[in-house]
Amino acid sequence: MDNQGYCGESFNSLQSGTSDEDMVEIAGATLDFSVTDDVPPLDREYAGGYNTYTGEGMNGTSKLMDFLDEPVPGVGTYEDFNTIDWVREKSKDRDRHREIASKSKESTWALIQSVSDAFSGWLLMLLIGLMAGALAGGIDISAHWMTDLKDGVCLNGFWFNHEHCCWTSNETTFMERDKCPQWKSWAELIIGHSEGAFAYITNYLMYVSWALLFAFLAVSLVRAFAPYACGSGISEIKTILSGFIIRGYLGKWTLIIKTITLVLAVSSGLSLGKEGPLVHVACCCGNILCHLFTKYRKNEAKRREVLSAAAAVGVSVAFGAPIGGVLFSLEEVSYYFPLKTLWRSFFAALVAAFTLRSINPFGNSKLVLFYVEFHSPWHLLELIPFILLGIFGGLWGAFFIRTNIAWCRRRKTTKLGHYPVLEVLVVTAVTAILAFPNDYTRISTSELISELFNDCGLLDSSKLCDYINLNSSKSSNELPDRPANSNVYTAMWQLALALIFKVLITIVTFGMKVPSGLFIPSMAVGAITGRLLGVGMEQLAYYHHDWVIFKGWCTPGADCITPGLYAMVGAAACLGGVTRMTVSLVVIMFELTGGLEYIVPLMAAAMTSKWVADAIGREGIYEAHIRLNGYPFLEAKEEFGHKTLAMDVMRPRRSDPPLTVLTQDHMTVEDVETLISETTYSGFPVVVSHESQRLVGFVLRRDLVISIENARKRQDGIVSTSHIYFTEYMPPQPSTSPAQLKLRSIMDLSPFTVTDHTPMEIVVDIFRKLGLRQCLVTHNGRLLGIITKKDILKHMAQMANRDPDSILFN
Amino acid sequence: VIAMWALLTLHRWIIHSGLKICCMLLSTQSTEAKNSEDIRCKCICPPYKELPGKIYNQNVSQKDCNCLHVVEPMPVPGKDVEAYCLRCECKYEERSSVTIKATIIIYLSILGLLLLYMVYLTLLEPVLKRRLFGHSQLIQSDDEVGDHQPFANAHDVLSRSRSRTNVLNKVEYAQQRWKRQVQEQRKSVFDRHVVLS
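Each residue is numbered by its place in its chain's sequence as written, counting from 1. Chain letters start at A and ligand numbers start at 1, both assigned in the order the entries are written. A pLDDT threshold of at least 70 governs which residues receive local features in this predicted model, and a stricter bar of 80 or more applies before side-chain atom pairs are shown or counted, although totals over entire chains, interfaces and linings include all residues. Side-chain numbers here rest on the full set of heavy atoms in the structure, without hydrogens or water.

**Quick notes on the overall build of chain B**
Move 1: A run of H or I in DSSP counts as a helix once it spans at least four residues, and a run of E counts as a strand once it spans at least two, with each numbered from the N terminus. Scanning chain B from terminus to terminus reveals 6 helices and 3 strands.
Move 2: Put simply, chain B runs from its N terminus to its C terminus through helices and strands in the order α-β-β-α-α-β-α-α-α.
Move 3: Each of the 197 residues in chain B was classed as buried or not, and the buried ones make up 43%.
Move 4: Per element, the accessible surface of chain B, about 11,300 Å² overall, is 60% carbon and sulfur. Working definition: with a 1.4 Å probe on protein chains only, accessible area under 20% of the residue-type maximum means buried, over 50% means exposed, and in between means partly exposed. Methods summary: accessible areas were calculated by the Shrake-Rupley approach with a probe of 1.4 Å, and residue burial reflects only the protein chains presented.

As structure tokens, this is what we get:
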């Protein structure tokens, strides 16, 4: 962090973010004392002190100073790119709650206030569900339309996409389900006919131009208005939920730009999905709506509970899976997940799913594009190919993470990162040029997945379903295994090419400066592999039904192998290999299909892929990106297995100058200001005296700066030689000496301490469980040093032979 | 300046109005009579004997959505109708073209506004500022991190110009602050690659 001097310039250059930080601009603007309408906890002992003062009848000046020492707005807030103090926030909230509960017995109005305070959480969840559901519906409708815009335009009304344009038409045929006279491709509009080489080239050119236009608009908007809107956002949200502050990351401009550019990015044909960005959008909604409620606006810990619920809402609207969304939030995104949040997240996810359903973006009351409904059984022997798919998923996941991180690191460190707009345009051009010729990459990835998940029946006429129908008397649902016709073989090699293309292009696409998600491309890779394997197995079973492995269960005329199921299992395996989700993945997949019969194959594939991927590389994609960016994220799932002690990690080390401390009654304002300007520490312990080094408390740099600023401006007589007291009672001063400044209210009187011989395992555990930011180290009762979260992360990096300087933030 | 004020209030209004419009759409959907164009019964009939497969679309209500009502004219003679209809699958579908139209139009208008604002910010505003205030008072919002008195320039410029109301001062101040935030974000993300790489 830059060492910013504090006189007048400190806050103006702080990133006082969006309206969530109607923050203190001390230089120039007016301080708003009406900001605090609930009793701040640090004022409690103040109120007590005030009473004792009036009780003992001290002189008027000290009374005046107590009165002026109301909590200064700005004390208790955090700087950008810093970690919050979970303990302080939680105790603030408990105090507030106690205050309301005790006041509620006094009058009916207070009782109503306490009831409404309790309900505010539920009301907030309702609003988040509504807003996120509405936005997701809008995103879906717009993305569908814009994707089809690359192909042509509807003459009935330009706002209809291809499917809706031909909705009422009677000219659709069985073989070409989307043909109608109202939908004109660009070739038809420009040159007049739709067949022939010239038409193909025109369509090709228009496709590539539209893709480039959309991508260019997306990256320019991101660059011009909200640079935080790029990427998927889940890694940063994970870090924010663990206590980090990134101002503006969940603000309203980020929300607007992410929504708009997500549609543009998805429509430009790039190999990315919208599920990860939808989580970010939902969390932005959550953050913005928190400002309506004081309880959540003021308290960072409570706000993070709401953000956990909002993350669940995001996945719920992306997949139409409320339970899966809650589990995803629990497993992947949240750091602390109290049980109360579980119920509220579920409520919010249901509200959002219901809102999305009533907007009805897909026209047939489905929630997600690939809602499949087959229920054909599977046989135990099929577990072998499912496990093979799991192994493939794990291998692909590990490969993808390694290559993607290497590519992102190259983008971070070399000249590639200096041309973001150009990079996006080049990648879009390559994607569009290579994707157009292959039918399976030309359509949007969600449509591809839904086609692959679909089980072929008599009613299907796509290339993939071109089987030779032997006897035509069966109904459409239980068709036996049939030999493949030539179209199926064409589809197979086209799919194989599409697989290679997607594997390679997604590596380059994820992490670009446009909103990009990872779920859909991974599922596509898995679905293609699964379908290829499924069709292979099906044909093998048909032509070699006398082999011993097929004999018992796959007689001719039986419907034994369902390629659609293989596609689903493959999709689950690849997604699990990349993100290392376990329970949430299985639940999402079975909510997508609606069939409990397939839990065992899905679980088998997910477990196998996780084991294989974990054997190759320990982290999922989101943790890997967190590490790449150097966020201070203390991984809750890792075990700390080394035998170091607290004194090996604490600062100052042997060779460093001794710990910078403040004394409780010997410092002047000038001393403190010098100390602050000379060092960059974000907090200072307060001791009784330099000789005894007995601990009194801990005070944060930001609070010190704000309080001294405020005192210089508001209190009479505070000059550089004024004494600063952290004690409860200030000694009486002769009237000639300058006024005294009492700063006990900003000091934390109960900092956490460990002894120097505490094993680091316990220290790391304390940090994780309590959410600490720093911890003081004592030796024989005397203050010896300090351990911060950054020190722990650097130590863990060192122990794992990684570069400790990659931890960037505090 | 009026344009800036209008744009600033507009962007705050957009969020609230978006939510209101969506709620409105949800309510109108349930109350208004369904446009007859927005319902249909789609019957897919697979190939049967020599007949090719065919798709039939009609806008009938849900109770009439079956093979006998929708498949007209019936391509098979009377005794085969049952066998033919057994293989057909009929589904009742609904959509709301009003929702689709409203969503697309809202989306395009927001996109258009943002593009106009972006063009204004990158191209027109420096030109206008230079013409109105001259080079010496150009607001140095772009290049300085941690500059000492960022609002001094703004206040300076504002006070020297014609008398303005407090609201416009606040708008100018808010816009400058926002621009600086975006600048900081852009530096972290695009230039120094500190976040979100």
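**Section: the packing of helix 14 (residues 322-333) of chain A against helix 15 (residues 339-359) of chain A**
All names here are of chain A.
Move 1: Closest axis-to-axis distance for the helix 14/helix 15 pair is 9 Å, and the angle between their directions is 140°. On the basis of their axis angle, the class for helix 14 and helix 15 is oblique. Viewed along their axes, helix 14 and helix 15 form a crossing whose handedness is right-handed. Contacts from P322, I323 and V326 in helix 14 reach L342, S345, F346, A349, L350 and A353 in helix 15. Between N-to-C directions, angles span 0 to 180 degrees; the directions come from axes that are lines fitted to C-alpha atoms, helices contributing only their stretch in contact. Every angle not falling under 35 degrees, over 145, or within 65 to 115 is termed oblique; those three ranges are roughly parallel, roughly antiparallel and roughly perpendicular. Handedness of each helix crossing follows the sense of rotation of the near helix against the far helix: counterclockwise by less than a right angle gives left-handed, clockwise gives right-handed. Any two residues having at least one pair of non-hydrogen atoms within 4.5 Å are treated as being in contact.

**Considering the domain arrangement of chain B**
Move 1: Those domain boundaries reflect an automatic or database domain assignment. Partitioning chain B into structural domains gives domain 1 (38-95) and domain 2 (101-130).
Move 2: One C-alpha centre belongs to domain 1 of chain B, the other to domain 2 of chain B; they are set 49 Å apart.

**So, the sheet that holds strand 11 (residues 774-779) of chain A**
Residues and elements named next belong to chain A.
Move 1: DSSP calls a pair of strands paired once it identifies at least 2 bridges connecting them. The mixed open sheet is built from 3 strands, whose spatial order is 10-11-12. The open sheet is flanked by strand 10 (753-755) and strand 12 (782-788), the only strands paired with a single partner. Averaged over all pairs of adjacent strands, the angle between strand axes in this sheet comes to 35°, irrespective of strand direction.
Move 2: Pairing analysis gives 3 bridges linking strand 10 to strand 11, with the strands arranged parallel. Bridge assignment links T753 to a residue of strand 11, and that residue is L776.
Move 3: Against the sheet, helix 30 (residues 760-770) makes contact with strand 10, strand 11 and strand 12, and its axis sits at roughly 65° relative to strand 12, the strand it touches most.

**Digging into the side chain of S96 of chain B**
Move 1: One can find S96 of chain B in the loop between strand 3 (89-94) and helix 4 (97-133).
Move 2: Any N or O atom pair separated by 3.5 Å or less is treated as a polar contact, with the protein-specific requirement of one donor-capable and one acceptor-capable atom, and with residues adjacent in sequence counted only for side-chain atom pairs. Engagement of the side chain of S96 of chain B in a polar contact is seen with the side chain of T99 of chain B, the distance being 2.6 Å.

**Here we look at the nonpolar core**
Soluble, globular proteins show a tendency: their nonpolar side chains are buried together.
Residue and element names in this part refer to chain A.
Move 1: Here the nonpolar core consists of buried residues drawn from Ala, Val, Leu, Ile, Met, Phe, Trp, Tyr and Cys, with membership extended through side-chain atoms lying within 4.5 Å. By size, the foremost hydrophobic cluster in this structure holds 208 residues, and its most contacted members are F225, F453, M523, M589 and I787.
Move 2: Sort the elements by how many residues they give to this core and helix 5 (residues 108-149) lands first, with 13 residues.
Move 3: Filtering out sequence-adjacent residues up to four positions away, M589 remains in contact with F453, M523, M568, A571, A572 and L602.

**Some words on the domain arrangement of chain A**
How big an interface is tends to be stated in terms of the accessible area lost upon association of its parts.
Residues and elements named next belong to chain A.
Move 1: Under the domain assignment, chain A is made up of domain 1 (75-150 + 228-369), domain 2 (151-157 + 180-225), domain 3 (383-468 + 479-629) and domain 4 (646-800).
Move 2: Counting residues at the interface gives 14 residues for domain 1 and 15 residues for domain 4.
Move 3: For the domain 1 and domain 4 pair, buried surface summed over both sides reaches about 1,200 Å², with 47% attributable to carbon and sulfur atoms.
Move 4: Salt bridge, as used here: a side-chain nitrogen of Lys or Arg that lies within 4 Å of a carboxyl oxygen of Asp or Glu. Taken together, the links from domain 1 to domain 4 amount to 1 salt bridge.
Move 5: Close ionic contact of D703 with R88 constitutes a salt bridge, the shortest N to O distance being 3.2 Å.
Move 6: Contributions of two or more residues to the side of domain 1 that touches domain 4 are made by strand 1 (73-76) and helix 4 (86-103).
Move 7: Top element by residues in the side of domain 1 that touches domain 4 is helix 4. It accounts for 3 residues. Two parts lose some accessible area (1.4 Å probe) when they are put together, and adding that loss for both gives the buried area.

**Brief notes about a nonpolar patch on the surface**
Residues and elements named next belong to chain A.
Move 1: To count toward a patch, a residue needs a relative accessible area over 30% and no salt bridge; like charges are then connected within 9 Å, while nonpolar side chains (Val, Leu, Ile, Met, Phe, Trp, Tyr) are connected within 5 Å. There is a patch of nonpolar side chains on the surface, built from L381, I384, I387, L388, I391, L395, L540, W547, V548, I549 and I616 and spanning about 960 Å² of accessible area.
Move 2: For the nonpolar patch, the secondary structure elements donating two or more residues are helix 16 (383-413) and helix 22 (548-551).
Move 3: Within the secondary structure, L395 is located in helix 16.

**Considerations on the UniProt feature "transmembrane region" (unreviewed entry) in chain B**
Move 1: The residues that UniProt annotates with the feature "transmembrane region" (unreviewed entry) are residues 104-123 of chain B.
Move 2: The distance from the first to the last C-alpha atom of residues 104-123 of chain B is 28 Å, and the span holds 100% helix and 0% strand. UniProt positions are given in the numbering used here, feature names are shortened, and annotations may be inferred rather than shown by experiment.

**Notes on the UniProt feature "domain: CBS" (unreviewed entry) in chain A**
All names here are of chain A.
Move 1: Residues annotated in UniProt with the feature "domain: CBS" (unreviewed entry) correspond here to residues 650-714 and 747-804.
Move 2: A distance of 39 Å separates the end C-alpha atoms of residues 650-714, which is 37% helix and 23% strand.
Move 3: For the annotated span residues 747-804, helix accounts for 38% and strand for 28% of the residues, and the straight-line distance between the end C-alpha atoms is 31 Å.

**Focus: the state of the cysteines**
Residue and element names in this part refer to chain A.
Move 1: The disulfide definition used here is simple: a pair of cysteine sulfur atoms within 2.5 Å. Going through the model one piece at a time under the given rule, you end up with 7 disulfides over all chains.
Move 2: Shown here is the disulfide that connects C456 with C465, its sulfur atoms set 1.8 Å apart. Disulfide C456 to C465: torsion about the S-S bond roughly -75°, handedness left-handed.
Move 3: Classification of C456 as buried rests on a relative accessible area of 10%.
Move 4: Owing to a relative accessible area of 8%, C465 belongs among the buried residues under this scheme.

**Looking at the pattern of salt bridges**
Residue and element names in this part refer to chain A.
Move 1: As enumerated under the stated definition, the model contains 26 salt bridges over all chains in all.
Move 2: Two residues, E305 and K302, come together in a salt bridge whose shortest N-O distance is 3.8 Å. With E305 and K302 both in helix 13 (residues 300-319), this residue pair falls 3 residues apart, about one helical turn.
Move 3: Across the salt bridge formed by R580 and D614, the nearest N and O atoms sit 2.7 Å from each other. Taken as a pair, R580 in the loop between helix 23 (563-579) and helix 24 (583-593) and D614 in helix 25 (residues 599-616) lie far apart in primary sequence, 34 residues in all.
Move 4: We classify R580 as buried; its relative accessible area is 5%.
Move 5: Several salt bridges converge on common partners, so that one network encompasses D93, R96, D117, K302, E305 and K340.

**A few points about the packing of helix 17 (residues 420-435) of chain A against helix 20 (residues 486-509) of chain A**
Residue and element names in this part refer to chain A.
Move 1: At their nearest, the axes of helix 17 and helix 20 sit 11 Å apart, and the two run at 165° to each other. As far as their axial angle goes, helix 20 and helix 17 are roughly antiparallel. In this structure, the crossing between helix 17 and helix 20 has a hand that is left-handed. Contacts between helix 17 and helix 20 involve V427, V430, T431, L434 and A435 from the former and F501, I505, V508 and T509 from the latter.
Move 2: The classification used treats Ala, Val, Leu, Ile, Met, Phe, Trp, Tyr, Cys and Pro as nonpolar, Asp, Glu, Lys and Arg as charged, and all other residues, Gly among them, as polar. Considering only residue class, the contact of helix 17 with helix 20 consists of 7 nonpolar, 2 polar and no charged.

**Overview of the confidence of the model for chain B**
Residue and element names in this part refer to chain B.
Move 1: The quantity known as pLDDT measures the predictor's confidence residue by residue, on a range of 0 to 100. When pLDDT is averaged across chain B, the result is 73; 65% of the residues are at 70 or more.
Move 2: Of all secondary-structure elements in chain B, the lowest mean pLDDT belongs to helix 5 (residues 150-160), at 40, while helix 4 reaches the highest, 89.
Move 3: Residue range residues 26-33 is modelled with pLDDT below 50. Its contacts to residues more than four positions away, or to other chains, number 9 contacts.
Move 4: Taken as a whole, residues 138-163 scores under 50 in pLDDT and shows 30 contacts with residues more than four places along the chain or in a different chain.
Move 5: Taken together, the chains of this predicted complex give a pTM of 0.85 and an interface ipTM of 0.84.

**Side note on the side chain of Q664 of chain A**
Move 1: Considering the arrangement of structural elements, one finds Q664 of chain A in the loop between strand 4 (662-663) and strand 5 (667-668).
Move 2: With near-sequence residues (within four places) excluded, Q664 of chain A lies in contact with V686, V687, V688, V696, I724, Y725, F726 and T727 of chain A.

**A closer look at the interface of chain A and chain B**
Move 1: Listed per partner, the contact involves 75 residues of chain A and 60 residues of chain B.
Move 2: Both sides together, the interface formed by chain A and chain B hides about 6,700 Å², and carbon and sulfur atoms give 67% of it.
Move 3: Counting the contacts that link chain A with chain B gives 0 salt bridges.
Move 4: Viewed at the interface, chain B and chain A are joined by 6 residue pairs in polar contact (both at pLDDT 80 or more).

**Some points on the pairing of strand 6 (residues 683-687) of chain A**
Residue and element names in this part refer to chain A.
Move 1: Of all the 5 residues making up strand 6, 5 are buried; the element is thus mostly covered by neighbouring parts of the structure.
Move 2: Neither face of strand 6 is open: one carries G683, P685 and V687, the other F684 and V686, and all of them are buried.
Move 3: In terms of strand pairing, strand 4 meets strand 6 through 2 bridges, oriented parallel. Note that in strand 6 the partner of L662 across the bridge is V686.
Move 4: Across 5 bridges, the pairing between strand 6 and strand 7 (residues 695-700) is antiparallel. By the bridge assignment, G683 is partnered in strand 7 with L700.

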